[in-house]
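# Coordinate analysis (summary)
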Amino acid sequence: MPVDHQLIYELLEETVGPDYVSDDPAVLEAYSRTGWILGRKLKRRPGFVVLPSSVQEVQAIVRMANKYKVPFIPVGSFLHWSCQATYPETIILDFKRMDKILKIDEKNKYAVIEPYVTYTQLQAEAMKRGLWLPVPSSGGNTSVLANHLFCGSHFAMHRIPYYARAVLGVEWVLPSGEILKLGSAGYGDDYFWGEGPGPDLRGLMRGYVGALGGLGVVTKMAVRLYPWTGPDAFHCRGVFPEKVVEFPKDLAKLYLAIFPSTEDAVNALYEICRAEIGMSLHLLSTTMAMAPMAKSREEFLSLLEAFKDIKEFILFMSFKTSPRVMEYDRKVLQKIVEENKGYLIPDEMVESLQEGIPETIRSAVSMRILNPMGGYDVFRSWAESLDKLLDQLKQAKAFLEEKYPDFIHFYYMIPLELGHYGHIELSILYDPLTHLDEAMECQNVGIRQDAEQKMYVTGSAGPAHEILGPSYGNYQLLLRKIKKKLDPNNVSNPPYPIDITKT
Ligand SMILES: Cc1cc2nc3c(=O)[nH]c(=O)nc-3n(C[C@H](O)[C@H](O)[C@H](O)COP(=O)(O)OP(=O)(O)OC[C@H]3O[C@@H](n4cnc5c(N)ncnc54)[C@H](O)[C@@H]3O)c2cc1C
């Protein structure tokens, strides 16, 4: 049945007021594609953009969407392509009016937030209270709640968990419009605890990667915070890479180590984890480090040429939880690097990089990764043991070099939770004017390889479930049942997390 556009507009206007709904083509155009280059292919204007101010307004919109069978999409900072409408007359729920930090509990170290609270906002407020949370490299501008629902990887995962494991109490408007509260929030109005009473449904709500707005709208969430020994605020001026930040020089220290082989580097990662030192630990390809620093494609390519003999390095960051801890970290790191045939780059040579530490703590550079070539995407990403990641990385790199020689690739590997497992992303850079179709094909090849090799995939979204499912106990059938049960009218960001119009 065709949607009566005018009727829906009037109902939205009644719900949120005339100032907070729009179907102006210029506004809709702005919501028609994200910063993610692959989204260009899916570009489509939504029907309406609406800014609710409360959970009651969200419920009313969701109920109305069900009644008239109009799809809706909850969005955060609108970075991922799953925020783009795939059906006509889609309603975009933009939470710019629901941007409050409702509580910071200093003693129990958590915050209760609305959907549009950004990392920068929450981190800055937390730091005033001796607390913090790391910002993912998607940037300080992204929504804490959206990122805790989707992905959730950050630079300090060596020490602080992947954010799927940092969600506490939740207020969730199901695709039907009913409210479901998870964790302690389900028992009273206290959000301090994520598990129980009753079954813990956070796996259903987000799993490892997220439901991409396909299972309703989360309107309130408690997230963990962590102890912070740095300043209450750090002021900055200018734009990266020329940004100047007032930040205590002795708060954190960066070390870079190079190794004769990736095996040696991974052995060193294991030992660093075993020693439980440091805040941040990465095996990083030099190409990835160069991408945000370069100011042009020419500069990027010449930096790659200049550093072509150093393919990768370990980046280790120590935090001053106490001066003795930093000294201990340094000694243990040095010993481990030497024992694994590595070489610690002298302090004077990494002096200028120390200036970049605040940029990792409150990241704003990641979109610069896209700049040098214009196109960026993740070819393959997994969560596995570090050894398994190493084997797969070698194979996948060799495959890219042979089959897609036009792409530049880079990777990073992070041991998670002191090495209990690890996360890796192997990404491609390409010119979207000439190589967009090839990049999309390459991504599909990657998903099929994951299915064949039965890797624990961390970046699967949307159609990937159909390809991966048969190799993993046909989980796509269960996912389809869940979507059908929770969203029988298929209005919550279809076709995510899976398309239920197919059998
Ligand atoms: C260059 C680049 C670097 C990146 N680096 C990282 C990284 O380091 N770590 C990482 O974790 N991710 C990363 N990402 C991936 C991803 O884009 C972000 O995790 C995510 O976009 C962050 O939040 P957002 O506010 O932009 O969410 P959005 O893109 O707005 O939303 C993400 C998904 O969540 C859904 N959603 C949003 N709000 C709600 C809600 N209230 N209820 C239910 N569903 C909702 C949306 O429908 C969408 O499907 C990166 C992306 C790019 C382009």
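Residues numbered from 1 in each chain as written. Predicted model: local features only at pLDDT ≥ 70, side-chain atom pairs only at ≥ 80, totals over all residues. Heavy atoms only, no water.

Counting 121 residues, the largest nonpolar core has L122, W132, L133, I314 and I361 as its most contacted members. The element contributing the most residues to this core is strand β19 (residues 408-416), with seven residues. With near-sequence residues (within four places) excluded, W132 lies in contact with Q123, A126, M127, F155, I160, L225, Y226, P227, W228, M279, F319 and I361. Counting residues in each nonpolar core, the second largest holds 23 residues, with L12, V21, V70 and F72 among its members. (Core = buried A, V, L, I, M, F, W, Y, C linked by side-chain atoms within 4.5 Å. Buried < 20%, exposed > 50% of the residue type's maximum accessible area, 1.4 Å probe, protein only. Helix = DSSP H or I, 4+ residues; strand = E, 2+ residues; numbered from the N terminus. Contact = heavy atoms within 4.5 Å.)

Here the protein chain is partitioned into domain 1 (5-94), domain 2 (101-227), domain 3 (236-361), domain 4 (375-453) and domain 5 (462-503). Just the C-alpha atoms count here: the centres of domain 1 and domain 3 sit 42 Å apart. (Domains from an automatic or database assignment.)

The next thing to look at is the site of the ligand. Around the ligand, 33 residues are found, and the nearest of them are P74, S77, S82, S137 and G152. Here an oxygen atom of the ligand sits 2.6 Å away from a polar atom, N or O, in the side chain of S137. Between S138 and the ligand, the recorded distance is 3.2 Å, taken from a backbone N or O atom to a nitrogen atom. Its free accessible area being 950 Å², the ligand has 96% of it covered by the protein chains. When residues of the shell around the ligand are assigned to their parent elements, the largest contribution, four residues, is made by helix α5 (residues 144-149). The two domains that each donate at least three residues to the shell around the ligand are domain 1 (5-94) and domain 2 (101-227). (Near = heavy atom within 4 Å. Polar contact = N/O pair within 3.5 Å; in protein donor to acceptor, adjacent residues only side chain to side chain. Areas by Shrake-Rupley, 256 points an atom, 1.4 Å probe, with all protein chains shown as cover.)

Quick look at the packing of helix α7 (residues 262-275) against helix α10 (residues 323-339) now. For the pair α7 and α10, the least separation of the axes is 9 Å and the interaxial angle reads 150 degrees. Here α10 runs roughly antiparallel to α7, going by the angle between their axes. The hand of the α7/α10 crossing is right-handed. Two secondary-structure elements touch here, α7 through A268, E271, I272 and A275 and α10 through V332, L333 and I336. Considering only residue class, the contact of α7 with α10 consists of six nonpolar, no polar and one charged. (Axes fitted to C-alpha atoms, helices over the stretch in contact; angles between N-to-C directions. Parallel < 35°, antiparallel > 145°, perpendicular 65-115°, else oblique. Left-handed = near helix turned anticlockwise from the far one by under 90°. Nonpolar A, V, L, I, M, F, W, Y, C, P; charged D, E, K, R; others polar.)

Paired through their backbone hydrogen bonds, the strands of a sheet run either parallel or antiparallel. Spatial strand order, β1-β2-β4-β3: four strands in an open sheet with mixed pairing. Whereas interior strands pair on both sides, the edge strands pair on one side only; in this sheet they are β1 (21-22) and β3 (72-75). With three bridges connecting them, strand β2 (residues 48-50) and strand β4 (residues 91-94) associate as parallel partners. The residue of β4 that forms the bridge with V50 is L93. Packing of helix α1 (residues 5-16) onto the sheet brings it into contact with β1, β2 and β4, and relative to β2 it is tilted by some 5 degrees. (Pairing = 2+ DSSP bridges.)

Attention now goes to the sheet that holds strand β14 (residues 252-258). The seven strands are arranged β17-β14-β16-β15-β19-β20-β18 in an open sheet whose pairing can be described as antiparallel. Each edge of the sheet is formed by a strand with only one pairing partner; in this case those strands are β17 (343-344) and β18 (375-384). When β14 meets strand β16 (residues 312-319), the two strands line up antiparallel, connected through six bridges. Counterpart to L254 in the pairing with β16 is M317. Its contacts with the sheet place α10 against β14, β16 and β17, and it is angled at close to 160 degrees to β16. Of the strands in this sheet, β18, β19 and β20 (421-430) are in contact with helix α13 (residues 386-403), which crosses β18 at around 150 degrees.

Both faces of the sheet carry side chains from a regular strand, because those side chains alternate between them. By the alternation rule, side chains of strand β6 (residues 110-113) split into Y110 and V112 and A111 and I113, which are all buried. With four bridges connecting them, strand β5 (residues 101-105) and β6 associate as antiparallel partners. Paired with D105 across the strands is Y110, a residue of β6. Between β5 and β6, which pair antiparallel and follow one another directly, the connecting turn spans four residues, one of which, K109, has a positive phi of 55 degrees. Pairing between β6 and strand β10 (residues 217-224): four bridges, direction antiparallel. What sits directly across from A111, in β10, is V223.

Take the environment of L122 next. Secondary-structure assignment places L122 in helix α4 (residues 119-127). The exposure class of L122 is buried, given its relative accessible area of 0%. The spatial distance from the C-alpha of L122 to the C-alpha of A111 is 8.3 Å, given a sequence separation of eleven residues. Residues contacting L122, with those up to four places away along its chain left out, are I101, I104, A111, I113, V117, L133, V144, V223 and L225.

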